[in-house]
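# Observations on the model geometry
Chain residues, written in single-letter form:
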Amino acid sequence: MNLIGSKMEIEFREELRGSYDFYFSENSTSRLKDVIESAGHSTKTAYVLHWTPDQGEDIYTVLIDGSYLVITEIDRKNESLSSTVEREEIKEYLLGLSRMNQVRLIVAQELANPKT
């Protein structure tokens, strides 16, 4: 799938940049950043593709370095609980993924690996 500069792509790009600034920029002190880095993953080019608030935790799907994803559950109330961090390959993630979410992934990959 190729990007065509659609309104949806532009909105995803803005949303993904905003999430990066909020969770992963050098000045960020987010718990998500800490959890991902403590599991040994880089957050230099990490983009939150999905965030699902659940009853007691938040579930994040994050693209790392444009090449794989991590899915983590972070307890909202108890910071001392260890969070789960699972790695998923893009090929597996794409199975059954809607067109809209495929576009979001491609935009995030483009942001993570800009062409020079």
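Located above this text is the structure these notes cover.
None of the values given here were measured: they were computed from a predicted structure.

### Re the side chain of His-41
By secondary structure assignment, the location of His-41 is in the loop between helix H2 (31–38) and strand S1 (46–53). At 2.8 Å, the side chain of His-41 forms a polar contact with the side chain of Tyr-68. If near-sequence neighbours (up to four positions away) are discounted, His-41 is found in contact with Ile-36, Tyr-68, Val-70 and Val-85.

### Concerning the pattern of salt bridges
The final tally for this structure, using the stated rule, is 5 salt bridges. Glu-89 is paired through a salt bridge with Arg-87; the nearest N and O atoms lie 2.8 Å apart. Of the residues examined, Glu-89 reaches a relative accessible area of 33% and is grouped as partly exposed.

### A look at the sheet that holds S1
The 4 strands are arranged S1-S2-S3-S4 in an open sheet whose pairing can be described as antiparallel. Each having just a single partner strand, S1 and strand S4 (84–89) make up the two edges of the open sheet. Each strand axis lies, on average, 20° off the axis of its neighbour in the sheet, ignoring direction. Looking at chain direction, strand S3 (residues 68–75) and S4 are connected through 6 bridges and run antiparallel. Note that in S4 the partner of Tyr-68 across the bridge is Glu-89. Relative to S3, H2 is tilted by about 120°, and along the sheet it contacts S1, strand S2 (57–64), S3 and S4.

Rules and cut-offs
- Residues numbered from 1 in each chain as written.
- Predicted model: local features only at pLDDT ≥ 70, side-chain atom pairs only at ≥ 80, totals over all residues.
- Heavy atoms only, no water.
- Helix = DSSP H or I, 4+ residues; strand = E, 2+ residues; numbered from the N terminus.
- Polar contact = N/O pair within 3.5 Å; in protein donor to acceptor, adjacent residues only side chain to side chain.
- Contact = heavy atoms within 4.5 Å.
- Salt bridge = Lys/Arg side-chain N within 4 Å of Asp/Glu carboxyl O.
- Buried < 20%, exposed > 50% of the residue type's maximum accessible area, 1.4 Å probe, protein only.
- Pairing = 2+ DSSP bridges.
- Axes fitted to C-alpha atoms, helices over the stretch in contact; angles between N-to-C directions.

These figures come from the coordinates and say nothing about function on their own.
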